[in-house]
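This is what each chain is made of:
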Amino acid sequence: MKIGCIADDLTGATDLALMLAREGLRTIQTIGVPRAGLDLAGADAVVVALKSRTNPTQEAVELSLSAAEALKRAGAQHLFFKYCSTFDSTDDGNIGPVAEALLSFTDSDFTLACPAFPANGRTVYKGHLFVNGVPLHESSMKDHPLTPMRDSNLVRVLQRQTKLSVGLVSYEDVEAGPDAIRSAFQRERAVGHRIVIVDALSDSHLRAIGQAAADFPLITGGSGVAMGLPAAYRQGQPSTQSTETGFEAPGGRSLILAGSCSAATRGQVKTALDAGIPALRLDAMELASGAVSAQTALEWLKAQPTNGPALIYSTATPEEVLAVQSKLGRTNAGEIVENTLAEVARALPALGFTRLIVAGGETSGAVVNALDVDSLSIGPEIDPGVPWTRSLAGNDLALALKSGNFGTPDFFLKAWNMLR
Ligand code: ADP
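Treat the numbers as computed from the prediction; the structure is a model and nothing was measured. (Residues numbered from 1 in each chain as written. Predicted model: local features only at pLDDT ≥ 70, side-chain atom pairs only at ≥ 80, totals over all residues. Heavy atoms only, no water.)

**Student:** Give a detailed account of the pairing of strand E14 (residues 310–313), specifying residues and quantitative values.
**Tutor:** With burial as the criterion, each face of E14 is covered, one bearing Ala310 and Ile312 and the other bearing Leu311 and Tyr313. Bridge analysis of strand E13 (residues 279–281) against E14 gives three bridges, and the strand direction is parallel. Across the sheet, arginine 281 pairs through a bridge with tyrosine 313, a residue of E14. (Buried < 20%, exposed > 50% of the residue type's maximum accessible area, 1.4 Å probe, protein only. Helix = DSSP H or I, 4+ residues; strand = E, 2+ residues; numbered from the N terminus. Pairing = 2+ DSSP bridges.)

Now the structure itself:
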């Protein structure tokens with residue numbers, strides 16, 4: 001196995017698995033630390049999807065280390081720690097502490113941190129992260145329910161999370177290509193930095209960074225920075241991955257579960273409502289009081305037409321989310337919604353639902369855990385960073401796990417057209 005990856009959420013894992021598969025590595029995604037006996041033979045890349053982004057730091061570190069151990073046991077030559085392209089974290093972590101723990105796990109003393117994903121509008125310039133041209137702290141990420149991002153300077157953001165010294169390899173070095181990037185890594189390391197934020201504005205920057213970092217025991221970043229690694233690992237050998245043709249999905253009913261409140265998801269919910277998709281909105285306060293429950297949603301679902309997708313969503317505006325959080329608390333509000341959607345999901349296979357779109361990283365984690373799926377194969381890309389996937393064991397399901405802010409406004413309408 002060339003590369004073993006640890007992703008801090010499920011949609012991020014899928015995004016990375018898609019990137020590695022597209023760049024020619026035979027890739028399997030596991031949900032959680034792979035159980036002993038799971039067949040990973042023949043995989044060039046394994047992506048372990050954790051749900052550790054917003055856990056207490058110590059827990060996130062322990063989960064990441066057990067994933068690292070499992071990947072190493074399965075023969076991983078390099079490790080990759082994947083987080084969100086909007087650097088979702090708080091001052092407590094978990095990006096810094098997990099990177100620190102994985103550095104010592106790999107017996108190395110230097111790594112990079114690059115969340116850039118230009119295809120999705122995430123660029124890093126002079127250490128500052130931009131989302132579709134807007135500084136991170138002015139983007140909708142400032143209002144994220146769990147990890148509000150209020151500082152665009154990633155050197156500062158990461159430095160608050162780690163005792164290791166954080167440096168910067170900026171645009172000029174990256175633009176000059178792999179050799180200049182390697183020299184910049186040496187320069188930063190020589191002055192004592194142990195993690196460097198790396199600028200990237202384009203895919204060619206990402207490929208150059210991948211080449212320069214191909215011999216690192218540990219790389220950290222978004223899925224973008226993994227773009228150049230497969231080619232660098234192959235060293236001129238042809239790709240082993242056959243190109244995906246069409247995507248067979250199990251027959252059955254279709255459902256969209258949206259627990260993301262991100263701007264892109266809000267737009268996608270609106271587009272689906274405007275298109276007349278049968279929809280049920282779950283109100284967090286009503287869920288908390290017990291006035292509405294997963295059972296209510298399932299009764300509603302049973303009454304919907306079987307020939308098209310339905311939508312169940314808790315998606316709300318930042319103002320509504322704030323109002324709910326001020327009454328229920330941030331974590332509690334999130335858990336109430338996630339648990340409800342998970343409970344709905346648990347009942348779906350028995351009701352004949354086999355084709356699911358889930359919107360939201362945390363939400364997807366909760367839903368897929370409830371669906372008893374332990375590994376996924378990667379299918380075609382619906383929008384940048386979001387493929388269709390199919391479960392490899394257990395309930396036979398086609399799943400599109402969409403990070404909240406990914407996808408075009410008609411994502412909930414068009415994704416179905418790729419299924420056979
Ligand atoms: P994204 O990928 O957009 O960040 P996530 O699913 O990761 O989406 O995070 C959204 C969080 O917001 C989840 O914990 C979810 O349960 C919570 N949430 C969803 N709807 C509401 C709501 N109406 N009020 C408060 N919190 C909500």
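**Student:** Mind laying out the packing of aromatic side chains, listing which residues take part and the relevant values?
**Tutor:** All told, the structure shown has nine aromatic pairs when counted by the stated rule. With a centroid separation of 5.2 Å and 80 degrees between ring planes, the pair formed by tyrosine 83 and phenylalanine 87 is classed as edge-to-face. Judged by relative accessible area, which is 0%, tyrosine 83 ranks as buried. With relative accessibility at 0%, the residue phenylalanine 87 sits in the buried group. On the basis of an interplanar angle of 65 degrees and a centroid distance of 5.8 Å, the ring pair of tyrosine 125 and tyrosine 171 is categorised as edge-to-face. Taken together, the residues span a long stretch of sequence, with tyrosine 125 in strand E6 (residues 122–125) and tyrosine 171 in helix H5 (residues 171–175) at a distance of 46 residues. Judged by its relative accessible area of 37%, tyrosine 125 is partly exposed. Taken together, Phe81, Tyr83 and Phe87 form an aromatic cluster joined through their ring pairs. The residue whose ring lies beneath lysine 72 is phenylalanine 105, and the NZ or CZ to ring-centre distance is 5.6 Å. (Phe/Tyr/Trp six-rings, centres within 6.5 Å; stacked < 30°, edge-to-face > 60°. Lys NZ or Arg CZ within 6 Å of the ring centre and 35° of its normal.)

**Student:** Outline the sheet that holds strand E8 (residues 134–135), supporting the account with residue identities and numerical values.
**Tutor:** A sheet is described by the order of its strands in space; here three strands give the open sequence E6-E7-E8, paired in antiparallel fashion. This sheet does not close on itself; its edge strands, each paired only once, are E6 and E8. By the bridge criterion, four bridges tie E6 to strand E7 (residues 128–131) in an arrangement that is antiparallel. Its bridge partner lying in E7, tyrosine 125 is registered against histidine 128.

**Student:** An account of the state of the cysteines is requested, with residue identities and associated values reported.
**Tutor:** Enumeration over the complete set of coordinates arrives at zero disulfides. With no disulfide of its own, cysteine 84 lies 13 Å from the sulfur of cysteine 114, the closest cysteine sulfur. You can see cysteine 261 has no disulfide; the closest cysteine sulfur is in cysteine 84, sitting 15 Å from it. (Disulfide = S-S within 2.5 Å.)

**Student:** Talk me through the environment of aspartate 151; I want residue IDs and the actual numbers.
**Tutor:** Tracing the backbone through its elements, the reader meets aspartate 151 in the loop between E8 and helix H4 (154–159). Expressed as a C-alpha distance, the spacing of aspartate 151 and glutamate 138, which sit 13 residues apart in the sequence, is 8.7 Å. Reaching out from aspartate 151, the side chain makes a polar contact with the side chain of arginine 160 at a distance of 3.1 Å. (Polar contact = N/O pair within 3.5 Å; in protein donor to acceptor, adjacent residues only side chain to side chain.)

**Student:** An account of the environment of proline 230 is requested, with residue identities and associated values reported.
**Tutor:** With respect to the secondary-structure elements, proline 230 resides in helix H8 (residues 229–234). Judged by its relative accessible area of 0%, proline 230 is buried. Placed 121 residues apart in sequence, proline 230 and aspartate 109 show a C-alpha to C-alpha distance of 23 Å. Residues within four places of proline 230 in sequence aside, it is in contact with Leu20, Glu23 and Leu25. (Contact = heavy atoms within 4.5 Å.)

**Student:** Tell me what's going on with the side chain of aspartate 173, and back it up with residues and numbers.
**Tutor:** Positionally, aspartate 173 belongs in helix H5. Among the residues examined, aspartate 173 registers a relative accessible area of 19% and is labelled buried. Here arginine 187 takes part through its side chain, which lies 3.1 Å from a polar atom of the side chain of aspartate 173. Not counting residues up to four positions away in its chain, the partners in contact with aspartate 173 are Ala180, Ile181, Ala184 and Arg187.

**Student:** Before we move on, could you go through the domain arrangement of the chain and cite the residues and values that matter?
**Tutor:** According to the domain assignment, the chain contains domain 1 (3–234) and domain 2 (253–416). Each of domain 1 and domain 2 was reduced to a C-alpha centroid, and the two centroids are 26 Å apart. Taken together, the contact pairs 31 residues of domain 1 with 34 residues of domain 2. For the pair domain 1 and domain 2, the summed buried area comes to about 2600 Å², and 62% of that belongs to carbon and sulfur atoms. Of all residues in domain 1, Thr11, Ile31 and Lys51 give up the largest surface area on contact with domain 2, accounting jointly for 23% of the area buried on that side. (Domains from an automatic or database assignment. Buried area = accessible area lost by both parts, 1.4 Å probe.)

**Student:** Can you break down the site of the ligand residue by residue, with the values?
**Tutor:** Near the ligand, the surroundings consist of 20 residues, among which His144, Ser260, Ser262, Glu338 and Thr363 are the closest. Note that an oxygen atom of the ligand is positioned 2.7 Å from one of the side-chain N or O atoms of serine 260. Between glycine 361 and the ligand, the recorded distance is 2.9 Å, taken from a backbone N or O atom to an oxygen atom. Among the elements of the structure, helix H12 (318–328), helix H13 (330–347) and helix H14 (361–370) are those that each provide at least two residues to the shell around the ligand. Residues belonging to the shell around the ligand are distributed by class as follows: eight nonpolar, ten polar and two charged. For the shell around the ligand, the two domains that each supply at least three residues are domain 1 (3–234) and domain 2 (253–416). (Near = heavy atom within 4 Å. Nonpolar A, V, L, I, M, F, W, Y, C, P; charged D, E, K, R; others polar.)

**Student:** I'd like a rundown of helix H1 (residues 10–22), residues and numbers included.
**Tutor:** Residues lying three or four places apart along an α-helix face the same way, a consequence of the helix completing one turn every 3.6 residues. With 13 residues, H1 ought to run about 18 Å at 1.5 Å a step, and its terminal C-alpha atoms sit 18 Å apart, in line with that. By the criterion of burial, H1 is predominantly enclosed, with twelve of the 13 residues buried. Note on H1: the residue one or two positions beyond its end, glycine 24, has a positive phi of about 105 degrees. (Expected span 1.5 Å × (residues − 1).)

**Student:** Explain the pattern of salt bridges residue by residue, including any values.
**Tutor:** Summed over all chains, the structure comprises 27 salt bridges. One salt bridge connects lysine 51 with glutamate 362, and the closest N-O pair in it is separated by 2.7 Å. Here the residue lysine 51 occupies a position in the loop between strand E3 (45–49) and helix H2 (57–73), and glutamate 362 occupies one in helix H14, the gap between them amounting to 311 residues. On the basis of relative accessible area, glutamate 362 is assigned to the buried category, the value being 12%. Here lysine 414 and aspartate 410 are joined by a salt bridge, their closest N and O atoms 4.0 Å apart. Overall, the relative accessible area of 23% leaves lysine 414 in the partly exposed class. According to the relative accessible area criterion, aspartate 410 is partly exposed, its value standing at 33%. Salt bridges here are not isolated pairs; linked through shared partners, they connect Asp8, Asp9, Arg53 and Asp88. (Salt bridge = Lys/Arg side-chain N within 4 Å of Asp/Glu carboxyl O.)

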